[in-house]
Amino acid sequence: MTYHDICQRLTPLYGQQEAKAMTRMLLEDLFSLSFADILCGATEHLSDADTLRLQQSVARLLDAEPLQYVTGTAFFCGHPFHVAPGVLIPRPETEWMVDTAVNLVMSSAPRILDIGTGSGCIAISISLALADRQCHTEAWDISEDALRIATDNAARLGAEVEFRRRDALRLEEDFPAEENQGGAEALSDTNAAAESWDIIVSNPPYICNREAADMHANVLRHEPHLALFVPDTDPLLFYRAIARYAMRSLRKGGWLLFECNTLYAHDTAQMASDMGFATSVVEDDCFGKPRFVKAQK
């Protein structure tokens, strides 16, 4: 199976240019071949085992499985992360979360929390960027598969991150029942014992079920729905729960960073403001879309 053979098979599904790029990345990642090797026919000299592996990988691509799952690797902030169908594939726009969190750190030994960590790409990248600042980084997820993958990524990349299994919708159980009453005014009276974090970051599920019809097949069929979807009737479900927790657990002047559904970024910012955050602004992603919320307590 040559480079041109693979391109021809993938072109009807992906288009010519994307098929060429995918074929090159597949061969480079699976077999460490240079592009010169590929063009010179190196795939014709693969072992029987590698030829079978290549055939199986092409079949997975023809089944619309994302390339990153096929190769097992996705790059984020310059680091190679292992990914599998149990976690979302890191997107380049999400690197804003890492850059912003790192730039907001003004002291030594900051405490940073990532809620809904998935592959661990945000928490691990922050930890690596702040390795000389004695940063304490924690990352939570409800999925055991995600935590296993994230823990492995941290070990391979040499990042010090503490991983815990936590449900983002049950974080208020950390606080006495009486603190859960009284609306925004009560939320602003943070329990001093719970003031733990300088920065909380989260890229939670935010796609409404009704949006599924407009999504690519490779996402719908292969990426974990647990990490993607929220009910049509409550698009801010996770943001509300996490923001309420952040309002209680962030230190005074601490920051909450969200990645959002572009349809609801301004609603998310307004929600944080209504809860009592001192500032809450929407930021655009690298494609000029309203993607992020930055709120300060």
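Rules behind the numbers
- Residues numbered from 1 in each chain as written.
- Predicted model: local features only at pLDDT ≥ 70, side-chain atom pairs only at ≥ 80, totals over all residues.
- Heavy atoms only, no water.
- Phe/Tyr/Trp six-rings, centres within 6.5 Å; stacked < 30°, edge-to-face > 60°.
- Helix = DSSP H or I, 4+ residues; strand = E, 2+ residues; numbered from the N terminus.
- Lys NZ or Arg CZ within 6 Å of the ring centre and 35° of its normal.
- Pairing = 2+ DSSP bridges.
- Axes fitted to C-alpha atoms, helices over the stretch in contact; angles between N-to-C directions.
- Contact = heavy atoms within 4.5 Å.
- Core = buried A, V, L, I, M, F, W, Y, C linked by side-chain atoms within 4.5 Å.
- Buried < 20%, exposed > 50% of the residue type's maximum accessible area, 1.4 Å probe, protein only.
- Parallel < 35°, antiparallel > 145°, perpendicular 65-115°, else oblique.
- Left-handed = near helix turned anticlockwise from the far one by under 90°.

Trainee: Describe in detail the packing of aromatic side chains, supporting the description with residues and values.
Mentor: Tallied over the entire structure, the rule returns six aromatic pairs. Taken together, a centroid distance of 4.8 Å and an interplanar angle of 85 degrees make the contact between Tyr239 and Phe258 edge-to-face. In this pair, Tyr239 sits in helix H11 (residues 237-249) while Phe258 sits in strand S9 (residues 250-259), placing the two residues 19 residues apart along the sequence. Among the aromatic residues, those joined into a ring-pair cluster are Trp140, Trp197 and Tyr245. It is Arg111 that lies over the ring of Trp197; its NZ or CZ is 4.7 Å from the centre. The ring of Trp140 has Arg166 sitting right over it, with the charged end atom 4.4 Å from the ring centre.

Trainee: Lay out unusual backbone geometry with the relevant residues and their values.
Mentor: With a phi angle near 55 degrees, Cys77 is a residue other than glycine that sits in the positive phi range. On the secondary structure map, Cys77 appears in the loop between strand S1 (73-76) and strand S2 (79-82). In this model, Gln134 sits at a positive phi of 55 degrees, which is unusual for a non-glycine residue. With respect to the helices, strands and loops of the structure, Gln134 is situated in the loop between helix H7 (121-129) and strand S4 (136-141).

Trainee: Report on the pairing of S2, specifying residues and quantitative values.
Mentor: For S1 and S2, the ladder comprises four bridges, and the chain directions are antiparallel. Pairing of Phe75 across the sheet is with Pro80, part of S2. Here S1 folds back onto S2, and the loop between the two strands holds two residues, one of which, Cys77, carries a positive phi near 55 degrees.

Trainee: Hey, could you go over the sheet that holds strand S5 (residues 161-165) for me, with residue numbers and the actual values?
Mentor: With mixed pairing, seven strands are arranged side by side in an open sheet as S5-S4-S3-S6-S9-S11-S10. Edge positions in the sheet fall to S5 and strand S10 (279-284), since each of these pairs with one other strand and no more. If you compare each strand with its neighbour and ignore which way they point, the axes differ by 20 degrees on average. Docked against the sheet, H7 engages strand S3 (111-115), S4, S5 and strand S6 (197-202), running at close to 160 degrees with respect to S5.

Trainee: Please provide a residue-by-residue account of the nonpolar core, values included.
Mentor: Core analysis: the biggest nonpolar cluster contains 29 residues, and Ile122, Ile124, Ile126, Phe163, Ile199, Val201 and Leu257 have the highest contact counts within it. Broken down by secondary-structure element, the contributors of at least two residues to this core are helix H6 (95-104), H7, helix H8 (144-157), S5, S6 and S9. Leu113, Tyr239, Met275 and Val293 belong to the second largest nonpolar core, which has 28 residues in total.

Trainee: An account of the environment of Ile122 is requested, with residue identities and associated values reported.
Mentor: Take Ile122: it is sitting in helix H7. Remark: the alpha-carbon pair of Ile122 and Val98, spanning 24 residues in sequence, is separated by 6.0 Å. Beyond its immediate stretch of four places on either side in the chain, Ile122 contacts Phe76, Thr94, Met97, Val98, Asp114, Val201 and Asn203.

Trainee: Any chance you could break down the packing of helix H1 (residues 3-14) against helix H4 (residues 48-62) for me, citing the residues and the numbers?
Mentor: Here H1 crosses H4 at 15 degrees, and the two axes come no closer than 10 Å. Judged by the inter-axis angle, H1 sits roughly parallel to H4. Judged by the sense of rotation from one axis to the other, the crossing of H1 with H4 is left-handed. Where H1 abuts H4, its residues Ile6, Arg9, Leu10, Leu13 and Tyr14 lie against Leu54, Val58, Leu61 and Leu62.

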